[in-house]
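# Structural characterization, general
For reference, the chains in residue letters:
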Amino acid sequence: MASFLICLAILIIGYFTYGKVVDNIFAPDDRDTPAVTINDGVDYVVLPEWKLFLIQLLNIAGLGPIFGALTGAEWGPVVYLWITFGTIFAGGVHDYFSGMLSERENGDSISEVTGNYLGPTMKNVMRVFSVILLIMVGTVFAVGPAGLLKTLFANNGVESGILVNSVFWLAIILCYYFIATFVSIDTIIGRIYPIFGVCLIIMAVGVGFGTLTSGKPMPEIWDNFRNMHPNGTPIWSFMFISVACGAISGFHSTQSPLMARCLKSERQGHFVFYGAMVAEGIIALIWAAAGVTLYGVQGLVDVGGGNSTSVYTICQQTMGGIGIALAMLGVIACPITSGDTAFRSARLTIADWFHLDMDNWKTRLGLTIPVLGIGAVLGFGNTLGFIDYSIIWRYFSWTNQTLAMIVLWAASMYLVQNKKNFWITAVPATFMSAVSATYFTMAPECLGLIPALKLNTAVAYPVGIIVAILFLGIFLHAAGKHKTAKA
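Bear in mind the structure is a predicted one, so any value in this text is a computation, not a measurement.

## What to know about the pattern of salt bridges
Throughout the structure, instances matching the rule amount to 10 salt bridges. One salt bridge in this structure joins Arg 31 and Glu 266, with 3.6 Å as the shortest N-O distance. With Arg 31 in the loop between helix H2 (18-26) and helix H3 (34-37) and Glu 266 in the loop between helix H12 (251-260) and helix H13 (269-303), the pair connects residues that are 235 residues apart, well separated along the chain. A salt bridge links Arg 344 to Asp 43; the shortest N-O distance between them is 2.8 Å. Taken as a pair, Arg 344 in helix H14 (residues 308-354) and Asp 43 in the loop between H3 and helix H4 (49-61) lie far apart in primary sequence, 301 residues in all. Via salt bridges that share partners, Asp 29, Arg 31, Arg 104 and Glu 266 belong to a single interconnected network.

## Side note on the environment of Pro 428
Examined against the element boundaries, Pro 428 turns out to sit in helix H17 (residues 423-442). Overall, Pro 428 belongs to the buried group, its relative accessible area being 7%. Linking Pro 428 and His 94, residues 334 residues apart in sequence, is a C-alpha distance of 8.7 Å. Leaving out residues up to four positions away in the same chain, Pro 428 has contacts with Phe 89, Ala 90, Leu 408 and Trp 423.

## Considerations on the packing of helix H1 (residues 2-16) against H2
Running from N to C, H1 and H2 point in directions that differ by 25°, and their axes come no closer than 3 Å. Relative to H2, H1 is oriented roughly parallel. For the pair H1 and H2, contact is made by Gly 14, Tyr 15 and Phe 16 and by Tyr 18, Gly 19 and Lys 20, respectively. Among the residues making up the contact of H1 with H2, the classes are represented as 3 nonpolar, 2 polar and 1 charged.

## Comments concerning empty space enclosed by the protein
All told, the structure shown has 2 cavities of 30 Å³ or more when counted by the stated rule. Of the volumes computed, that of the largest cavity is approximately 70 Å³. Breaking the lining of the largest cavity down by element, the ones donating at least two residues are helix H7 (110-118), helix H8 (120-154), H12 and H14. At 4 residues, H12 tops the list of elements feeding residues into the lining of the largest cavity.

## A few points about H2
Residues of H2 that are buried: Tyr 18, Gly 19, Val 22, Asp 23, Ile 25 and Phe 26. Seen along its axis, H2 keeps its buried residues to an arc of 160°; they face one direction. Once H2 finishes, Ala 27 follows within two positions and takes phi at roughly 65°, a positive value.

## Side note on the packing of aromatic side chains
Within the structure shown, the criterion is met by 25 aromatic pairs. Centre to centre, the rings of Trp 236 and Phe 240 are 5.0 Å apart; their planes meet at 70°, and the pair counts as edge-to-face. In this pair, Trp 236 and Phe 240 both sit in helix H11 (residues 235-243), 4 residues apart, roughly one turn of the helix. According to the relative accessible area criterion, Phe 240 is buried, its value standing at 11%. Three or more aromatic residues link up through ring pairs in this structure, and these residues are Phe 26, Tyr 96, Phe 97, Tyr 117 and Tyr 414.

Reading guide: rules and limits
- Residues numbered from 1 in each chain as written.
- Predicted model: local features only at pLDDT ≥ 70, side-chain atom pairs only at ≥ 80, totals over all residues.
- Heavy atoms only, no water.
- Salt bridge = Lys/Arg side-chain N within 4 Å of Asp/Glu carboxyl O.
- Helix = DSSP H or I, 4+ residues; strand = E, 2+ residues; numbered from the N terminus.
- Buried < 20%, exposed > 50% of the residue type's maximum accessible area, 1.4 Å probe, protein only.
- Contact = heavy atoms within 4.5 Å.
- Axes fitted to C-alpha atoms, helices over the stretch in contact; angles between N-to-C directions.
- Parallel < 35°, antiparallel > 145°, perpendicular 65-115°, else oblique.
- Nonpolar A, V, L, I, M, F, W, Y, C, P; charged D, E, K, R; others polar.
- 1 Å grid on protein atoms, 1.4 Å probe; cavity = no way out; pocket = protein on both sides within 12 Å on 5 of 7 lines; lining within 4 Å.
- Points joined across faces, edges and corners; volume = space filled by probe spheres on them.
- Arc of directions from axis to C-beta.
- Phe/Tyr/Trp six-rings, centres within 6.5 Å; stacked < 30°, edge-to-face > 60°.

This is the structure:
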């Protein structure tokens, strides 16, 4: 219990200390924000700070800090360290700069922002990459809840009819996504997200309190400072990839521009962006602790890590009937609240790409229809068994962290160009370069498809180190050239 409480305290202290250091280095000022200067009543809308925080939390969270943390707990309580220090020194920094740089660039999508600092080639790569990633995320977060709703009614005595039909629920969810993607951000998202955000926080607090008072011993880090995964899966870098949203996630950078367009003041960035990531880290820490305490690492592996079954069971054990209701809300509402903003971000990314005016409802509709149309084709294809989406989804974990790496390198170039301390972003960028390269080299769905490379740490670890050093060298060379050119 002590190691959990220490990590919880470090996360909270980290927000007020290192988070403030990051904020001071960026140096927000009193300039007018895009929400004030552009204010189109659709995507650029001034929202209250508390609402910005809750919407940002739901945008970046979804099921990430729950499912990812429970899966990461398969390696034991050492996962606390990645969640804690990853959140403070990597995830919080990543989310803050992705939001604030977007704000400084008139609320541009992350593909445009990274391109401004890493060049036109990277901008085009990120444009295509982001749209594909966002549509994929939105589709999966439509198919998943549809299946869960079907299961929920089937487990409660409904044997036939539309309530146990995944196609019906998928159609309902996609209709909601269409509306949420098309209308102004404060019409639906600004109204219901704060409610779901509060529910997510209440669920985490309830699980945390229930775990601490369960009477079951909570494993300590210092007694279990080793790889406890029953299958021997390497901690580096599988645990770092699995936790993702609970420590650092590139998906967050696609969501931060949504709130960057709604800030009334730059000084809100510390609370909205860095603060929401710390809150997500706390939620992930609670769920990881619940996993190792109530399930144990073997139990988590047996149940398949983080999924609706493990979440349902933990909520039942920690909060009883109320917990079950919150669990159903969590595993159904949370992915929906990430899915609709994923499609919205895809629309905005395309709009920024082709410089389209989203104030015009016809243009907005012209983008919403094909974006949701592709999602519908993929979603119904998966539900009806024509498309196996699970194989494609495996690549999301790697591409997600690779996106985070790219954003951190872009933030580093921004800091170089503005003569600020670039090491606060360059260090986590280097670290994530090693994580992504190592995972890609030996993961079964990547180069690990080659038998000789599958889980081959003797090859993957040196490759990760070499790639990280190479990327850092390229960055320092570019930084040196920029300083010389300015001299």
